[in-house]
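# Coordinate analysis (summary)
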Amino acid sequence: MSLPASVHRRSPLLLTFGIAAVLVILFAVFTQVWTDKLWFDSIDFGVVFSTQLWTRTALFLGVGLLMAVLVGGNMWLAIRLAPPPRQRGESAVLDAYRKLLEHNAKFAVAIPALALGVLAGMSAVTETLPVLSWINAVPFGQVDPVFGLDYKFYVFELPIWQAFLSFLLTAVAFSLIGAVVVHFTTGGLRAVRATGRPQLSQAARVHLSVLAGVLLVLYGLQSLLDRYAMLLTQGTLFTGIHYTDDHARLGAKLVMAVISFLVAGLFFINPILKRGIYPAAALVLMVISGLILTLIYPAIVQSFVVAPNQPDKENPYMRQHIDMTRQAFGIADTEITSYDAVTQVRAGQLKADAEALPGIRLMDPAVIGPTFEQLQQVRGYYTFPEALDVDRYIIDGKETDVVVAAREMNLGGLPDQNWNNIHTVYTHGYGLVIAYGNRRQSDGQPEWIVRDIPPQGKLPDHESRIYFGEQSTQYAIVGREQGQEPIELDTPNGKSNVYSGKGGVPIGDAFTRALYAAKFMDFNLLLTDRVNSQSRILYNRTPKERVQEVAPWLTLDSNIYPAVVDGRTVWIVDGYTTSSSYPNSELVNLRNSAADTQSRAVGTQVDANINYIRNSVKAVVDAYDGTVALYAWDETDPILQAYSRAFPGTVQPKSAISPDLLSHLRYPEDLFKVQREILGRYHMTDPYTWYAQSDLWQVPNDPVKASTDAKEPPYYLSIKWPEDKSPVFSQTTVFVPKNRSNLASYMSVVAEATSPDYGKLRVLRMSDTHQIDGPGQTFNAINTDPKVAEKLRPFLNQGAASATYGNLLTLPMGNGLLYVAPIYTMRQGNTGSYPALAFVVVRFGAHVGIGNTLQQALDEVFEGSAGATTGEQPSASPSPSGTGSPSPQPSGSAQPAGPAAMAKLDEAQNAFVAADAALRKGDLATYQSKVNEAKAALAEALKLMGR
């Protein structure tokens, strides 16, 4: 029967649309692949692109073809084995498919085979990185306690074998289904209505029996692999092998594998026996055996052998699990010391800690972001992050803890957000702003180390332009031909700039421009005159994005930070190698473990379950040209070694880290958070104690952020550990007992990368004989203290101003625990207001002190003299009516203020008012000048009053 003429008339049009659709798809694929190649080549990581491309291609084609051949081949074989044509008319669907098989068998086979092949190939592509690590795997040098296999097998090999077996099972199952459909359609398989039994031709019996036998062989092999996977399975108590696994499930899996092979043998010889009842009955017995061996028998062992004696039966398995978990998370060498913290105070108690006192950080990076924004933003199209960063610099010959932030471009603040402004004019931020962490000016503002545009301060000249940063989410077009006028805004005074870096992809030719116009779906790239022969396109500009692209095998820390290194502004990114198949180690969720009250500001971690983590790589991204450098940090990590072999030349050795860069590296936050989460239970190394959970620790909720139910974040600061000679830059946290509020322990890690003790985890375990208040109890005691209430009453009782607590720091000092919290004041309802440090509150034992300076607060606690000085400058008393700046009136006086002193105070007040006015106009120069005038007048007033 011929097709209608209308169909013939439409066919050329349909064919044209089909060809056009294919061409569009091919062009889109080519555009993506070629622009990716150009991007990787532009930063000298072409090997990452090519290795992944060819591996993905091989996996897609190899796995896809294998699936297509298995399914299509078995369907084709079923057609070839078909008996003579059967009677038609039994079913319209069967008749239609039979007709298709008779007239176009290739089409009938190719469509399902290719469809399944494409799906299988696409699924296989997701295994690119595991396959590369498997090919380049290196031994761990440690063997598991059950099978005696190197950990390499579990981390690199087992996941691949499991995935491959799963694929083969799926492919053979689809092959069996396809063969059954074809045999049924062609008559090789029939349902006899009289008996209800299927009737097969001899050819169909052989074909289907062999496929069923192969399926059972694969199931048996999977059962054998499942024995090893028990070291990675979540059990009743922990992740890893348990008593019931060892004494019941391991044997059951082995027996089931043997049974599967035997039943497969029956299917293989079924064409000879010609009695389908035998393999069918064996299959039923196999299912029943599986229920008994893998479900009922283990349940009996668990209920009647293990449960009544669980601590004793599970003891050796708990010991293995504890040891391997501590290894996997790097806490095996944690040093735990008993600490009989005193709560009594006496004059001079902090004399032994004199060197550490000046390093106590008073500038809370989570609070003073708006202060940086108001005082150093300069224009609305610049911005600072919500949470600032903590680093160290050598200032005046001494290592100094600082608070640092990058002044980045805020495209949302542009006066005119047109295409040219977004992509060609406002292309970069400018400069870091750095302040002392332990100092403030007399008016409560940060004391700047580097400020303004261009940057002024105590650091040598350096490249300050920030073309690549956390806020750089739009692509930028840079570069001008010789003689052309610059168009990039460089500084707020209107000075322009021409980018001279090597970053970005050249787009001077029409073909590349067309590709990028298609990539970004932006035809302005083709139409604009601002793209010329020297133009480069900058994209993938955020540091995390760039590192993730060149090292997709890394998990990145959620908090990156900027630094001035070797005359360049760079971003430092910590990279982790992780695994979820480290044997006998506890699985934890990375996102949940790393979450705290600052997660919203710095970003959340990936939602992944892991049971192994190492800070294997320190990555650096140049803020000017986007160059990425990866440095091996934990060179002993086998996962790092495997990927270094997979992508040769991409990871530089640790020895290549410059001394200046090394001085800015620190212990990463997310690793420390995961370790403290694990240590909350795994500090208990005795299996009986671990089982009873009698000494569980937990991270307390952040007492300052009472409105949230999130954990207190760890803090970077320099502390002096008991018995140490000098303070060291560290990351600290505290624990409370499970569901309690008193302090259980104090934990720190040496975060200073130049220290030989870098990464050393230390814990001070509080005495059980008397209670030390935890952060929540301490914060409550501070809030209810009469002296604190009196100081804050003017701010809390007037709607025009507010008081905000900064981070509650905990420090081991004076043979006890010292709590320190800065308090900031800020005017409400004023767009120019910002937090200014007004008070410092201290608690030691049950004693609370508050002052305008840390020195005053400490002296108040320790009976008039702490025994050491903080080196702070005197400060003015805060005023609840200020814009964020304290009033120039002194907090107290040695003698009444005379006319001359009052005149100076008035002069200071007027200068502060003028400074605020200049700040609102964005006039930083006048602002700073007036602030200096106010400080000088205030100092004269204090001198006249005998202070």
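In this report, the structure presented in the accompanying data block is examined. All values derive from a computational prediction rather than experimental measurement.

### Here's the deal with the overall build of the protein
Along the backbone of the protein there are 27 helices and 35 strands. Based on the C-alpha atoms only, the size of the protein along its principal axes is roughly 120 × 80 × 50 Å. Within the protein, counting contacts between residues at least 6 apart in sequence, those at least 24 apart form 69% of the total. Surface accessibility of the protein: about 40600 Å² in total, with carbon and sulfur atoms responsible for 57%. Computed over 77 positive and 84 negative side-chain charges, the inter-centroid distance for the protein is 9 Å.

### Digging into the sheet that holds strand β16 (residues 505-506)
One open sheet holds the three strands; their spatial order is β13-β17-β16, and the pairing between them is antiparallel. A strand with exactly one partner marks an edge of an open sheet, and here the two such strands are β13 (476-478) and β16. Pairing geometry for β13 and strand β17 (residues 536-538), over three bridges, is antiparallel. Counted as the bridge partner of Ala476 is Leu538 from β17.

### Some points on the side chain of Asp389
Examined against the element boundaries, Asp389 turns out to sit in strand β5 (residues 389-395). Buried charged residue Asp389 carries no salt bridge. Nearest counter-charge: Arg666, at 4.2 Å. Not counting residues within four places of it along the chain, the set of residues in contact with Asp389 comprises Pro365, Val402, Val403, Val404, Asn559, Ile560, Tyr561, Pro562 and Arg666.

### Considerations on the sheet that holds β5
Read across the sheet, five strands follow the order β5-β6-β9-β10-β11 without closing on themselves; strand pairing throughout is antiparallel. The open sheet has two edge strands, β5 and β11 (456-457), and neither has a second partner. In terms of strand pairing, strand β6 (residues 398-406) meets strand β9 (residues 432-440) through five bridges, oriented antiparallel. Bridged to Val402 within β9 is Tyr436. In the packing of helix α12 (residues 369-376) onto the sheet, the strands contacted are β6, β9 and β10 (446-451), and the crossing angle to β10 comes to about 60°.

### Some remarks on the nonpolar core
Counting 150 residues, the largest nonpolar core has Tyr393, Ile434, Val550, Trp553 and Leu630 as its most contacted members. The element that contributes the greatest number of residues to this core is helix α6 (residues 151-186), accounting for 14 residues. Once you skip the residues sitting within four places of it in the chain, Leu630 turns out to touch Phe45, Val547, Val550, Ala551, Val617, Lys618, Ala619, Thr650, Val651 and Gln652. Ala341, Phe795, Ala836 and Val841 belong to the second largest nonpolar core, which has 67 residues in total.

Thresholds applied
Residues numbered from 1 in each chain as written. Predicted model: local features only at pLDDT ≥ 70, side-chain atom pairs only at ≥ 80, totals over all residues. Heavy atoms only, no water. Helix = DSSP H or I, 4+ residues; strand = E, 2+ residues; numbered from the N terminus. Contact = heavy atoms within 4.5 Å. Areas by Shrake-Rupley, 256 points an atom, 1.4 Å probe, with all protein chains shown as cover. Lys, Arg positive; Asp, Glu negative; His and termini not counted. Charge placed at Lys NZ, Arg CZ, Asp CG, Glu CD. Pairing = 2+ DSSP bridges. Buried < 20%, exposed > 50% of the residue type's maximum accessible area, 1.4 Å probe, protein only. Salt bridge = Lys/Arg side-chain N within 4 Å of Asp/Glu carboxyl O. Axes fitted to C-alpha atoms, helices over the stretch in contact; angles between N-to-C directions. Core = buried A, V, L, I, M, F, W, Y, C linked by side-chain atoms within 4.5 Å.

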